[in-house]
Amino acid sequence: MKKITFILVVFLASSLTILAQTSITKDTNSKIEENKTIDLSAQREKFDPARSANNDLQEAIVKAQKENKRIILDVGGEWCVWCRNMDFFFLRNNELAKLRDENFIWLKINFSTENGNKEFLAKYPEIKGYPHLFVLEKDGIFLHSQDTSPLEQEKSYNLQRFTNFLKLWSPKKSAGK
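Residues numbered from 1 in each chain as written. Predicted model: local features only at pLDDT ≥ 70, side-chain atom pairs only at ≥ 80, totals over all residues. Heavy atoms only, no water.

A. Structural view of the pattern of salt bridges. Using the criterion set out here, one finds ten salt bridges in the structure. A salt bridge links Arg-100 to Asp-101; its shortest N-O distance comes to 2.8 Å. A relative accessible area of 15% places Arg-100 in the buried class. Residue Glu-126 pairs with Lys-128 through a salt bridge whose shortest N-O separation is 3.8 Å. Classification of Lys-128 by relative accessible area gives exposed; the value is 73%. The structure contains a network of salt bridges with shared partners spanning Arg-44, Asp-74, Glu-78, Asp-87 and Lys-108. (Salt bridge = Lys/Arg side-chain N within 4 Å of Asp/Glu carboxyl O. Buried < 20%, exposed > 50% of the residue type's maximum accessible area, 1.4 Å probe, protein only.)

B. Structural context of the state of the cysteines. What the rule picks out here adds up to one disulfide. Here Cys-80 pairs with Cys-83 through a disulfide, and the sulfurs are 2.5 Å apart. Judged by the torsion about the S-S bond (80°), the Cys-80/Cys-83 disulfide is right-handed. Side by side, Cys-80 and Cys-83 carry an identical accessibility label, which is buried. (Disulfide = S-S within 2.5 Å.)

C. Region of interest: empty space enclosed by the protein. One pass over the structure, following the stated rule, counts one cavity of 30 Å³ or more. The computed volume of the largest cavity comes to approximately 50 Å³. In terms of lining, the largest cavity is formed by Lys-46, Phe-47, Asp-48, Arg-51, Ser-52, Ala-53, Asp-56, Lys-108, Ile-109, Asn-110 and Asn-117. At the level of secondary structure, the elements contributing two or more residues to the lining of the largest cavity comprise α2 (53-67) and β2 (104-110). The element best represented in the lining of the largest cavity is β2, accounting for three residues. A class-by-class count of the residues in the lining of the largest cavity yields three nonpolar, three polar and five charged. (1 Å grid on protein atoms, 1.4 Å probe; cavity = no way out; pocket = protein on both sides within 12 Å on 5 of 7 lines; lining within 4 Å. Points joined across faces, edges and corners; volume = space filled by probe spheres on them. Helix = DSSP H or I, 4+ residues; strand = E, 2+ residues; numbered from the N terminus. Nonpolar A, V, L, I, M, F, W, Y, C, P; charged D, E, K, R; others polar.)

D. Region of the structure containing helix α3 (residues 81-92). Its twelve residues place the ends of α3 16 Å apart at the C-alpha level, agreeing with the 16 Å of an ideal helix rising 1.5 Å per residue. All buried positions along α3 are accounted for by Cys-83, Asn-85, Met-86, Asp-87, Phe-88, Phe-89 and Phe-90. (Expected span 1.5 Å × (residues − 1).)

E. Geometry of helix α4 (residues 94-103). Those residues of α4 that fall on the buried side of the exposure criterion are Leu-96, Ala-97, Leu-99, Arg-100 and Asn-103. Viewed along the axis of α4, the buried residues span an arc of 160°, placing them on a single side of the element. The exposed set on the far side of α4, more than 90 degrees from its buried face, consists of Asn-94 and Glu-95. Where α4 is buried, its residues contact β1 (70-76), α3, β2 and α6 (159-169). (Arc of directions from axis to C-beta. Contact = heavy atoms within 4.5 Å.)

F. Inspection of the packing of aromatic side chains at higher detail. This model, assessed by the stated rule, comprises 13 aromatic pairs. Considering the side-chain rings of Phe-111 and Tyr-130, the 4.7 Å spacing of their centres and the 10° angle between planes classify their relative orientation as stacked. Highlighted residues: Phe-111 in the loop between β2 and α5 (118-121) and Tyr-130 in the loop between α5 and β3 (132-136), separated in sequence by 19 residues. Judged by relative accessible area, which is 23%, Tyr-130 ranks as partly exposed. Note on Tyr-124 and Phe-142: the rings are 6.1 Å apart at their centroids and 55° apart in plane angle, and the pair reads as tilted. Residue Tyr-124 is found in the loop between α5 and β3, and its partner Phe-142 is found in strand β4 (residues 142-147); the two are separated by 18 residues along the sequence. Taken together, the ring pairs connect Trp-82, Phe-89, Phe-90, Trp-106, Tyr-157, Phe-162 and Phe-165 into an aromatic cluster. Taking the ring centre of Phe-88 as reference, the NZ or CZ of Arg-44 above it sits at 6.0 Å. (Phe/Tyr/Trp six-rings, centres within 6.5 Å; stacked < 30°, edge-to-face > 60°. Lys NZ or Arg CZ within 6 Å of the ring centre and 35° of its normal.)

Structural data, given as structure tokens:
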């Protein structure tokens, strides 16, 4: 009987130690994830209702022509959870961000109660949901309207679908470069 009691005590003590270590690991990982989110939040460019979409586009056109890139208008706002999710998705996926940055000038266009940019956005197809992406040629000519819901997966975005989208709309590079 003493052996059985001893074995039970050892077993319970081991189980409690394992549970405690698992709990500590989860807490530590949770804090690491929270810190990553905080760090990522500081890195993301926000939608700014005070910015001029027309001026920003003109500057983007100059830069796109100089760098032989296309322009993507990222229409949304700080109120939009999926807009912020997209920013964090790029921050967590370096290769995707590199593909984006090598081929596009990414321009955030605010849509909110403070500034709906209605006159600016009237030049483009109707937006049914946010965020919404418009692909423009380097001279600002409209090429494509992209609802982002086909790029989504669960509570984030699908890496392969987003990669395919960016590759499809990347400018053709000349053989000499």
